[in-house]
Amino acid sequence: MQAPPPNPNASVLPAGVSLAGRLSFYSPSEWEEFILEWMQGFQPAYFKSERIGGAGDLGRDVVGYVSSPIVTSAWDNYQCKHYAKPLQPSDIWVELGKLCYHSWKGAFTPPRKYRFVAPNEVSPSLKDLLKKPDQLRDALKGNWHKHCENSITETEQIQLHGGLLDYVDRFDFTTVGYETLQEVLIQHSRTPFWSQRFQLALPARPAPQNPPDTPQPSEARYVQQLLIAYSDAEGRQIEALDHLKQFPAHREHFQRSRRWFYAAESLHRFTRDQLRPGAFDRFKQQIYDGVVDTAESQHSNALERLKATTSKASSLQLAQDEIAQIAEVGDKQGACHHLANENKLTWKL
């Protein structure tokens, strides 16, 4: 399941409205879609997840398959119940009846895990019952006639006797349980869908990391390109950082460049954790597209090319997406050094 593009109509939470309160207004269909998104946060990830809920779903709302091929894969079922109150035991008997009947008939294998997921969670009495599988089985059998017999299918009455009764007696009810809303929200917040579904304010971005005193191996290429640019400007070879002591202006520029590089790196880490996958790569591509003509134009020397390019980057107007709200001037200039570090920009042609 792929993350959707930015959604300008994503729900904006008014002041005082909690996430739980917002979810309470979802339709049953929206709740199933939300749970399908939530499933993308599992580690290890499901091989495939899909929403089946609707007519003919045989009691399967949203399912996740562990491996390929899915016809023989272990699978998990998430039964979505969007009710105005916590689930009561009386709300689940027909669902468990469908689970037992259709797996007995061979429509599907028993799931590895069967979970109720509801925005208002489950009542205390149901929580206790779901933790006692033998009592759960006995309660299902006791409620079969009232809740299941005429509700499992629309075409026939399903009585609990013979082979079906034996199957229910052997069924592993330890696989049946529930998910708390807190667990669902925490896991959904780790998926790319979170920022698409809710227009929540991003957390404050941490201050950029100060560059370490000595350039790290991960900085090697752009640092080398800086020294080449300084050499070209001076008309003499500057091969080592110690040589910059002779050129105060270059030394200051070098320190600024490293600060910008690490500012962009801090943006990279922040977007990796808070935005859709690939946000920083899209940011770098925007910078590249905006500065490449400047970088490839004629300049008096490599240092002038570098400065013209970073100056151009600082004035770029980014596309109005999430990263445009938080990218600063130093991030844009630092992105040029990231691109130089990847040999996508070169200062001495």
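Anyway, here's the lowdown on the structure attached to this text. These figures come from a predicted structure and were not determined experimentally.

## Some details on the layout of surface pockets
Okay, step 1: Volume-wise, the second largest pocket comes out at about 230 Å³.
Okay, step 2: Lining the second largest pocket are P212, D213, P215, L241, D242, L244, K245, R251, F254, Q255 and R258.
Okay, step 3: Residue composition of the lining of the second largest pocket, by class: 5 nonpolar, 1 polar and 5 charged.

## Quick look at the sheet that holds strand 5 (residues 176–179)
Okay, step 1: Ordered in space as 1-2-3-4-5, the 5 strands form an open sheet in which the pairing is mixed. Where the open sheet ends on each side, the last strands, each with one partner, are strand 1 (48–51) and strand 5. Within this sheet the neighbouring strands show an average axis-to-axis angle of 20°, counted without direction.
Okay, step 2: Taken together, the 4 bridges between strand 1 and strand 2 (residues 62–65) define a ladder with antiparallel strand orientation.

## Structural notes on the pattern of salt bridges
Okay, step 1: Throughout the structure, instances matching the rule amount to 14 salt bridges.
Okay, step 2: One salt bridge connects D76 with R112, and the closest N-O pair in it is separated by 2.6 Å. Of this pair, D76 sits in strand 3 (residues 75–80) while R112 is found in the loop between helix 3 (93–104) and strand 4 (113–117), placing the two residues 36 residues apart along the sequence.
Okay, step 3: Overall, R112 belongs to the partly exposed group, its relative accessible area being 47%.
Okay, step 4: Among the ionic pairs, K141 bridges to D169, the shortest N-O distance being 2.8 Å. With K141 in helix 5 (residues 133–148) and D169 in helix 6 (residues 162–170), this residue pair connects regions lying 28 residues apart in the sequence.

## Description of unusual backbone geometry
Okay, step 1: A cis amide bond, omega 0°, links Q43 with the succeeding residue P44.
Okay, step 2: Geometrically, the link from S68 to P69 is a cis peptide bond, its omega value of 0° lying close to zero.
Okay, step 3: Mapped onto the elements of the fold, P69 is located in the loop between strand 2 and strand 3.
Okay, step 4: Phi is positive for E121, close to 60°, though the residue is something other than glycine.
Okay, step 5: Mapped onto the fold, E121 is located in the loop between strand 4 and helix 4 (124–130).

Cut-offs and rules
Residues numbered from 1 in each chain as written. Predicted model: local features only at pLDDT ≥ 70, side-chain atom pairs only at ≥ 80, totals over all residues. Heavy atoms only, no water. 1 Å grid on protein atoms, 1.4 Å probe; cavity = no way out; pocket = protein on both sides within 12 Å on 5 of 7 lines; lining within 4 Å. Points joined across faces, edges and corners; volume = space filled by probe spheres on them. Nonpolar A, V, L, I, M, F, W, Y, C, P; charged D, E, K, R; others polar. Pairing = 2+ DSSP bridges. Helix = DSSP H or I, 4+ residues; strand = E, 2+ residues; numbered from the N terminus. Axes fitted to C-alpha atoms, helices over the stretch in contact; angles between N-to-C directions. Salt bridge = Lys/Arg side-chain N within 4 Å of Asp/Glu carboxyl O. Buried < 20%, exposed > 50% of the residue type's maximum accessible area, 1.4 Å probe, protein only.

Fair warning: the whole summary comes from geometry, so function is off the table for now.
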